[in-house]
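The lines below spell out each chain.
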Amino acid sequence: MSSESEEQQLSKKAAKKEAAKLEKMRRRQEAAALASAASSLSVEEEDSYSSNYGDVTLPELKSCSKPDAGNWSIAISSMDWTRVGALTEELKEKEVLIRGRVHTTRPVSKNMAFVVVRERGFTVQCLVATHEAGVSRQMVKFVAALNRESIIDAIGMVSVPGNPIKGTTQQVEIHVRKLYCVNKAMPTLPINVEDAARSDAEIEAALQAGDKLPRVNQDTRLNFRVLDIRTPANQGIFRIQCQVGTIFRQFLLSEGFVEIHTPKLIAGSSEGGSAVFKLDYKGQPACLAQSPQLHKQMAICGDFGRVFEVGPVFRAEDSYTHRHLCEFTGLDVEMEIKKHYSEVMDIVDRLFVTMFDSLNEKCRKELEAVGKQYPFEPLKYKPKTLRLTFEEGVQMLKDAGVEVDPLGDLNTEAERKLGQLVLEKYDTEFYILHRYPLAVRPFYTMPCYDNALYSNSFDVFIRGEEIISGAQRVHVPEFLAERAQACGIDVNTISTYVDSFRYGVPPHGGFGVGLERVVMLFCALGLGFCSA
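Described below are features of the structure shown in this document. Only a predicted model underlies this, so the values are computations on that prediction, with no experimental measurement involved.

### Notes on the overall build of the protein chain
Inference 1: Helix and strand counts for the protein chain stand at 17 helices and 17 strands.
Inference 2: Across the 532 residues of the protein chain, 46% fall into the buried class.
Inference 3: Counting contacts in the protein chain only where the partners sit at least 6 residues apart, residues at least 24 apart contribute 68% of the total.
Inference 4: Here the protein chain displays about 28,200 Å² of accessible surface, and carbon together with sulfur accounts for 52% of that area.

### What to know about helix 12 (residues 364–373)
Because the α-helix completes a turn every 3.6 residues, residues three or four places apart line up on one side.
Inference 1: Among the residues of helix 12, L367, V370 and Q373 are the ones counted as buried. Down the axis of helix 12, the sector holding all buried residues measures 130°, keeping them to one side. Residues of helix 12 that are exposed and point more than 90 degrees away from the buried face comprise R364, K365, E368 and K372.

### Describing the pattern of salt bridges
Inference 1: Per the counting criterion, the structure on display carries 29 salt bridges.
Inference 2: Between R435 and D450 there is a salt bridge, with the nearest N and O atoms lying 3.2 Å from each other. One end of the pair, R435, is in the loop between strand 14 (430–434) and strand 15 (457–462); the other, D450, is in the loop between strand 14 and strand 15, and 15 residues separate them in sequence.
Inference 3: For R435, a relative accessible area of 17% gives the class buried.
Inference 4: With relative accessibility at 44%, the residue D450 sits in the partly exposed group.
Inference 5: A salt bridge links R517 to E466, with the shortest nitrogen-to-oxygen separation between them at 3.5 Å. Of this pair, R517 sits in helix 17 (residues 515–522) while E466 sits in strand 16 (residues 465–472), and the two are 51 residues apart along the sequence.
Inference 6: Taken together, the shared-partner salt bridges connect K296, D332, E334 and R473 into one network.

### A few points about the pairing of strand 11 (residues 306–314)
Inference 1: By the criterion of burial, strand 11 is predominantly enclosed, with seven of the nine residues buried.
Inference 2: Taken together, the two bridges between strand 7 (residues 258–259) and strand 11 define a ladder with parallel strand orientation. Bridging across to strand 11, E259 finds its partner in F308.

### Observations regarding the packing of helix 9 (residues 232–254) against helix 17
Inference 1: Relative orientation of the contacting elements helix 9 and helix 17 amounts to 120°, with a least axis distance of 10 Å. Taken together, helix 9 and helix 17 sit at an angle that is classed as oblique. Pair helix 9 / helix 17 crosses with right-handed handedness. Within the contact between the two elements, helix 9 uses I237, I240, Q241, V244 and G245 and helix 17 uses L515, E516, V518 and V519.

### Digging into the nonpolar core
Inference 1: The biggest cluster of nonpolar side chains holds 47 residues, and the ones touching the most others in it are F248, F352, M355, F458, I467, I468 and F511.
Inference 2: Here the element with the most residues in this core is helix 11 (residues 342–362); it accounts for nine residues.
Inference 3: If you look at the next biggest cluster of nonpolar residues, it comprises 26 residues, including V84, I98, C126 and V176.

### A word on the state of the cysteines
Inference 1: For the structure on display, the rule yields zero disulfides.
Inference 2: Sulfur of C363: no disulfide; nearest cysteine sulfur belongs to C242 and is 8.4 Å away.
Inference 3: Note on C363: relative accessible area 4%, which makes it buried.

### So, the packing of helix 9 against helix 11
Inference 1: One can describe the packing of helix 9 onto helix 11 by two numbers: an axis separation of 10 Å at closest approach and a directional angle of 135°. When the interaxial angle is binned, helix 9 and helix 11 end up oblique. Once helix 9 is placed against helix 11, the crossing between them reads as right-handed. On helix 11, the residues touching I240, Q243, V244, I247, F248, F251 and L252 of helix 9 are I347, R350, L351, T354, M355, S358, L359 and K362.
Inference 2: Taken together, the residues of the contact of helix 9 with helix 11 break down into 10 nonpolar, three polar and two charged.

### Re the sheet that holds strand 8 (residues 265–266)
Inference 1: Taken in spatial order, the three strands line up as 8-10-9 in an open sheet, and their pairing is antiparallel. Every other strand in the sheet has two partners, leaving strand 8 and strand 9 (278–281) as the edge strands with one partner each.
Inference 2: Here strand 9 pairs with strand 10 (residues 284–288) via four bridges, running antiparallel. Residue K278 lies in a different strand from strand 10, and its bridge partner there is C287.

### Describing a nonpolar patch on the surface
Inference 1: Residues L265, L279 and Y281 make up a contiguous nonpolar surface patch of about 260 Å² in total accessible area.
Inference 2: Mapped onto the fold, L279 is located in strand 9.

### Brief notes about the side chain of H103
Inference 1: Within the secondary structure layout, H103 lies in strand 2 (residues 95–109).
Inference 2: Residue classification places H103 among the buried residues on the basis of a relative accessible area of 17%.
Inference 3: Among the polar contacts made by the side chain of H103, one reaches the side chain of R118 at a distance of 2.8 Å.

### Re unusual backbone geometry
Inference 1: The backbone of E149 sits at a positive phi, close to 75°, despite the residue not being glycine.
Inference 2: Structurally, E149 can be placed in the loop between helix 4 (137–144) and strand 5 (151–159).
Inference 3: On the basis of relative accessible area, E149 is assigned to the buried category, the value being 4%.
Inference 4: The phi torsion at R463 lies on the positive side, around 50°, for a residue other than glycine.
Inference 5: Checked against the element boundaries, R463 lands in the loop between strand 15 and strand 16.

How each quantity is defined
Throughout this document, residue positions are counted from 1 along each chain, in the order its sequence is written. With the structure being a predicted model, the display of local features is reserved for residues of pLDDT at least 70 and the display and counting of side-chain atom pairs for 80 or more, all residues being used for whole-chain, interface and lining totals. Side-chain descriptors were evaluated using all non-hydrogen atoms of the structure, hydrogens and water having been removed beforehand. Every helix listed is a DSSP run of H or I at least four residues long, and every strand listed is a run of E at least two residues long, numbered separately from the N terminus. Note on exposure labels: buried denotes an accessible area under 20% of the residue type's maximum, exposed denotes more than 50%, and partly exposed covers the range between, all computed with a 1.4 Å probe on protein chains only. The contact rule is simple, with two residues in contact once any of their heavy atoms fall within 4.5 Å. Note that accessible areas follow from Shrake-Rupley with a 1.4 Å probe, and for residues the cover is restricted to the protein chains shown. The arc under discussion is defined with respect to the helix axis, by the directions toward the C-beta atoms. Salt bridges are defined as contacts in which a side-chain nitrogen from Lys or Arg sits within 4 Å of a carboxyl oxygen from Asp or Glu. By this definition, two strands are paired if DSSP reports at least two bridges between them. Axes, fitted as lines to C-alpha atoms, cover a helix only where it is in contact. Angles between the N-to-C directions of the axes lie from 0 to 180 degrees. Orientation labels follow simple angle bins: below 35 degrees gives roughly parallel, above 145 gives roughly antiparallel, 65 to 115 gives roughly perpendicular, and whatever is left gives oblique. By convention the crossing between two helices is left-handed if the near helix lies anticlockwise of the far one by an angle smaller than a right angle, and right-handed if it lies clockwise. Here, nonpolar core refers to any group of buried Ala, Val, Leu, Ile, Met, Phe, Trp, Tyr and Cys residues whose side-chain atoms link them within 4.5 Å. Only a pair of cysteine sulfur atoms within 2.5 Å qualifies as a disulfide here. When residues are grouped by polarity, Ala, Val, Leu, Ile, Met, Phe, Trp, Tyr, Cys and Pro land in nonpolar, Asp, Glu, Lys and Arg in charged, and all others, Gly among them, in polar. Surface patches are defined over residues having more than 30% relative accessible area and no salt bridge, joining like charges when they lie within 9 Å and nonpolar side chains (Val, Leu, Ile, Met, Phe, Trp, Tyr) when within 5 Å. Contacts described as polar in this section are N or O atom pairs within 3.5 Å, which, within protein, must combine one atom able to donate a hydrogen with one able to accept it, while residues neighboring in sequence count only if both atoms come from side chains.

This is the structure:
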């Protein structure tokens, strides 16, 4: 290559380099000009209503009591809170302050957005629009960008739309003038509450129509339980459970019972058998209590007359069914018997009829929420609870072609079949089966006076599944020790219990109920059938 050609090539490279340098400079100048323009534009469009919305600052969240701590503190300082569930037409044209979660947002335009606020299962539609005093475009944009499940406070006027509002529990609308985000949720949640609240029927109907709706599986629900319990159905279940415990206490207190609290860490097995959590306590063997059975009987020995307890119960169950839990809440009762063990069944009868009546009256919205996701028929029960002997139950099964051991326990299939037979014959899903075979009851169960093969014991059933076991107890110490040995229990581990009956004790009996099972069966949750 000649020297002239080399010079021309170098000249071209230099020209290209210079051109690139000039282009880079031009882009920088353009960027600077755009930044300058944006800066001047933001100054020109500065939001004069910025104090009416935004994120609550950390100092304010630290419960700062200064009146000028921040926009949010100032806005809510002189207002009372209104629950979302209390927003009704009676509050029309009243200004309210509410707190809740962002259930959904729906931007309509730059000037208008809707946000549905949810609090404890209740929802209300809120309108944020620039035609309202104090609302700017920037505020509409802020609201539209809120993440679902974030906690917000909103101040606005209650309005009653001309047409019914679909998709919310409250039939009023809040015209928002101030809105603050108290706590932000993640932009993308592992569970969408709206998906978790969907019923199987909705999902199947969508599939039939050619659409596919998300299904939240059980493992996902358990992994993110804090989100799953926000669904209306789960909110309802927990509140129904609360009501069951409340009625249990109130009824028994009105009947002269005393609430007690018994040890959960004990030296030996409460009920015998292998379903016990064993542990070492400072070099000594110990167990988690399978039941407050022994201690509630000792309370009767201590002249309390009638006692009950609401507390945790531990069972080292190997069964993986909806009937068995390793830990559950036990509702336990023990009482002096004056004449006959039927006195205990009388308490069961009146207690649960009162409970069912109260649930149907006070938990209508909760039962409706549960039924929407998990459809069920209301429980059928009678004002006076049906009582059948175990022998009568066995005969009903035999007449229906089901062979069962007359001196054995009923398995799950036999219990469910008997429940169906009782429903067909007596039109009730709640009944008592008593005089069980002695061989299938705990060591402290009193045998029948007229037939030692049977016992003064009973089980109670809802929708074909057992919820209660109860009985008259053996209170004669020598006989009690004999029964314990016959059931393979080391009497030395329960010597304090046996000895407590050596100091004089009245005849007594009681029963135990699983709180979770009562709720499950009352609402027919997780069952293979529902009442027709």
